[in-house]
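Architecture and fold: a report
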Amino acid sequence: MLIPTPYIRRICGAGLWLVLALLTACGEEAKEHVAPAIRERDSVSMMTTYGVNTLISDSGVIKYRIVTERWDVNVIRQPNRWEFMKGVFFEQFDEQFHVQAYIQADTAWYYDQLKLWKLRGRVRIRNVNGLLYQSEELYWDGLRHELYSNVFSKVVTPERTLQGTYFKSDERMTYYTVSNSVGSFIPGSESDDDASGQAPSTPGDTTEQMVIPQRPAAQKHAKTMGMDN
């Protein structure tokens, strides 16, 4: 079957146009249409949990209850950390599961490898002895079983109010030190001034008007962790 010449010309023309279009497309560089990263990879949490109310054990013994609106776990950043950016509330238990203290803060970080808590913003602690602690920053060292702060702290007990620039205590807030402190005492209490004009000290606290050397470990934690929230 013979195809008329005019049709042959039309077919060849269409074929030539298609070849030119394909060559032009291949000559252009391919463009990726992707959105920019929202955040750097190491800042993205590996797990996020909302509405948390859970018990935490240590060596098989339940020691704490954690209540928080949001709990982020990040194992990419070093050191590994838990983040509580919506606030956190603790209950601390003894071996018989009796509540010993309540702890709360506006934000908190827990560094698993260091066993170190960093609490910030309206940090409050109240224990069963009626002691109230207030500060804007507090470290909780799980290896040394102690609390410390390098910023202004306030301790209120039924007998006295102490304020100072450095605070250190055991985990149960039964023995503590406030350095560079000023104190006020409740009139009529057993801690009234005696004839010498000095208020007698009660067991469990230290109120010396002297600068207590800050532990290198405390300073190291404060400097290192403060730069890497």
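Keep in mind that this is a model prediction, so the values were computed, not measured.

Counting through the fold element by element, Ser169 comes out in strand β12 (residues 166-170). Since its relative accessible area comes to 4%, Ser169 is described here as buried. Apart from residues lying up to four places away in sequence, Ser169 is in contact with Glu146, Leu147, Thr174, Tyr175 and Tyr176. A polar contact of 3.3 Å, which involves the side chain of Ser169, links it to the side chain of Asp170.

Alternating residues of strand β13 (residues 176-179) divide into Tyr176 and Val178 and Thr177 and Ser179, and every residue in both groups is buried. Pairing analysis gives four bridges linking β12 to β13, with the strands arranged antiparallel. Its bridge partner being in β13, Phe167 is matched across the sheet by Val178. Linking β12 back to β13 in an antiparallel pair, the connection comprises five residues, with Met173 at a positive phi of about 60°.

This paragraph deals with unusual backbone geometry. The step from Gln78 to Pro79 runs through a cis peptide bond, and the omega angle for that step is -5°. Examined against the element boundaries, Pro79 turns out to sit in the loop between β2 (61-74) and β3 (81-84). Phi at Arg122 is positive, roughly 50°, even though this residue is not glycine. With respect to the element layout, Arg122 can be found in strand β7 (residues 116-127). Relative accessible area serves as the criterion here: at 52%, Arg122 is assigned to the exposed category.

Once that is clear, we can look at the pattern of salt bridges. Summed over the entire model, instances satisfying the criterion amount to six salt bridges. Here Asp112 ties to Lys115 by a salt bridge, and the two come within 3.4 Å at their closest N and O atoms. By relative accessible area, Asp112 is classed as partly exposed at 32%.

Quick notes on the rules
- Residues numbered from 1 in each chain as written.
- Predicted model: local features only at pLDDT ≥ 70, side-chain atom pairs only at ≥ 80, totals over all residues.
- Heavy atoms only, no water.
- Helix = DSSP H or I, 4+ residues; strand = E, 2+ residues; numbered from the N terminus.
- Buried < 20%, exposed > 50% of the residue type's maximum accessible area, 1.4 Å probe, protein only.
- Contact = heavy atoms within 4.5 Å.
- Polar contact = N/O pair within 3.5 Å; in protein donor to acceptor, adjacent residues only side chain to side chain.
- Pairing = 2+ DSSP bridges.
- Salt bridge = Lys/Arg side-chain N within 4 Å of Asp/Glu carboxyl O.

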